[in-house]
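Fold and geometry: a report
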Amino acid sequence: MQDKLIEREARQEFSAAMADACGEIPQVEKNGTVSLGGKGGYKFTKWEDMDRVIRPVLAKHNLRLSFNTRSSEGSSNKVIIGTISHANGQSQSAEIELPIDAGQGRNPLQGFGSTISYGKRYCAEMLLNIVRTEEDNDGRFRQRQDEPRISPEQKDEIIQLLQKSGKDTLKFLAWVGAPTVDEMTPAQFLRAKSGLMKALSEASK
């Protein structure tokens, strides 16, 4: 009984610290830019800018954000795991599975680094409800919450095509109009698959 009481109090302390921290974290600016060549580009939040904003707030409330990775079973994807832990031992985690961002001109190490940075941003956003300034203002990632998402099989198909084509994942998702592969709608899936199949066909000529 005493152990359960201690555990409950620790969890309440952790929940209160998380609520206070989330309430104090300001919106994060988009200082990074990705060029799409002659088709324009888009802005994104760099991990270092996000870290600069959230680190002092977390420290104030005895919280720490850490990350780890593991390989996805049955594929070359990487799973990035973000964990927020409190000084009292309580913690909460979020994770996202991503293909290696093997964009044009990137070596394997650079692709891995890009994937980790991308995963860190999304894990932090999920855990702390972080809002990026000007988010969705260009309509690129605007989606209704009740819109259907693609199936796990469709997700695997897109990931495999991305790996075969060597496309830059971030640029490709921006072209499709989805923030992540998981959040693609069926219509975006068709656009993504068509674009990737066309790219593979052209590359084989």
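The notes below deal with the structure included here. Bear in mind that the values here come from a model prediction, so they are computed numbers and not experimental data.

Our focus in this paragraph is the pattern of salt bridges. Scanning the entire structure with this criterion turns up five salt bridges. Between Glu-24 and Lys-60 there is a salt bridge whose closest N-O contact spans 3.3 Å. Note that Glu-24 is positioned in helix H1 (residues 2-24) and Lys-60 in helix H2 (residues 47-60), a separation of 36 residues in sequence. Note on Lys-60: relative accessible area 57%, which makes it exposed.

Bringing the packing of helix H4 (residues 152-165) against helix H6 (residues 186-203) into the picture now. The interhelical angle for the contact between H4 and H6, taken along N-to-C directions, is 30°, at an axis separation of 10 Å. One element, H4, and the other, H6, form an angle in the roughly parallel class. In the crossing of H4 with H6, the sense of the turn from one axis to the other is left-handed. Each of Gln-154, Glu-157, Ile-158, Leu-161, Leu-162, Lys-164 and Ser-165 in H4 lies in contact with H6, whose residues at this interface are Phe-189, Ala-192, Lys-193, Leu-196, Met-197 and Leu-200.

Here we come to the pairing of strand E3 (residues 63-71). In terms of strand pairing, E3 meets strand E4 (residues 78-86) through nine bridges, oriented antiparallel. Pairing of Leu-63 across the sheet is with His-86, part of E4.

A few words on H6. In this model H6 runs 26 Å from its N-terminal to its C-terminal C-alpha over 18 residues, within 8% of the 26 Å that 1.5 Å per residue would give. Of all the positions in H6, only Gln-188, Phe-189, Ala-192, Leu-196 and Ala-199 are classed as buried. Taken down its axis, H6 places every buried residue within 105° of arc, on the same side. Exposed positions of H6 whose direction lies more than 90 degrees from the buried face are Ala-187, Leu-190 and Lys-198.

Below, the discussion takes up the packing of aromatic side chains. As enumerated under the stated definition, the model contains two aromatic pairs in all. Measuring from ring centre to ring centre gives 5.4 Å for Trp-47 and Phe-67, while their planes differ by 90°; the resulting arrangement is edge-to-face. Placement of the pair is Trp-47 in helix H2 and Phe-67 in strand E3, with a sequence separation of 20 residues. Aromatic pair Tyr-118 and Tyr-122: ring centres 4.9 Å apart, planes at 45°, arrangement tilted. Pair noted here: Tyr-118 and Tyr-122 are both in helix H3 (residues 108-128), with a separation of four residues, about one helical turn.

We now examine the packing of H2 against H3. A pair of packed helices is captured by two measures, namely the crossing angle of their axes and the spacing between those axes. Between H2 and H3, the least distance of the axes is 10 Å, while the angle of their chain directions is 35°. Handedness of the crossing formed by H2 with H3: left-handed. Residues Trp-47, Met-50, Ile-54 and Leu-58 of H2 lie in contact with H3, whose contacting residues are Ser-117, Lys-120, Arg-121, Ala-124, Glu-125 and Leu-128. In the contact of H2 with H3, the residues fall into six nonpolar, one polar and three charged.

What follows concerns the nonpolar core. Core analysis: the largest hydrophobic core is formed by 21 residues, its most contacted members being Ile-158, Val-181 and Met-184. Membership of the second largest hydrophobic core comes to 19 residues, among which are Phe-14, Val-28, Leu-63 and Ile-130.

Here the focus is the environment of Pro-99. Its location among the elements puts Pro-99 in the loop between strand E5 (91-98) and H3. Considering only alpha carbons, one finds Pro-99 and Leu-162, 63 residues apart in sequence, at a separation of 7.8 Å. Each residue touching Pro-99, except ones within four places of it in the same chain, is listed here: Asn-77, Thr-115, Ile-159, Leu-162, Gln-163 and Thr-169.

What counts as what
- Residues numbered from 1 in each chain as written.
- Predicted model: local features only at pLDDT ≥ 70, side-chain atom pairs only at ≥ 80, totals over all residues.
- Heavy atoms only, no water.
- Salt bridge = Lys/Arg side-chain N within 4 Å of Asp/Glu carboxyl O.
- Helix = DSSP H or I, 4+ residues; strand = E, 2+ residues; numbered from the N terminus.
- Buried < 20%, exposed > 50% of the residue type's maximum accessible area, 1.4 Å probe, protein only.
- Axes fitted to C-alpha atoms, helices over the stretch in contact; angles between N-to-C directions.
- Parallel < 35°, antiparallel > 145°, perpendicular 65-115°, else oblique.
- Left-handed = near helix turned anticlockwise from the far one by under 90°.
- Contact = heavy atoms within 4.5 Å.
- Pairing = 2+ DSSP bridges.
- Expected span 1.5 Å × (residues − 1).
- Arc of directions from axis to C-beta.
- Phe/Tyr/Trp six-rings, centres within 6.5 Å; stacked < 30°, edge-to-face > 60°.
- Nonpolar A, V, L, I, M, F, W, Y, C, P; charged D, E, K, R; others polar.
- Core = buried A, V, L, I, M, F, W, Y, C linked by side-chain atoms within 4.5 Å.

Keep in mind these numbers describe shape, not what the thing actually does.
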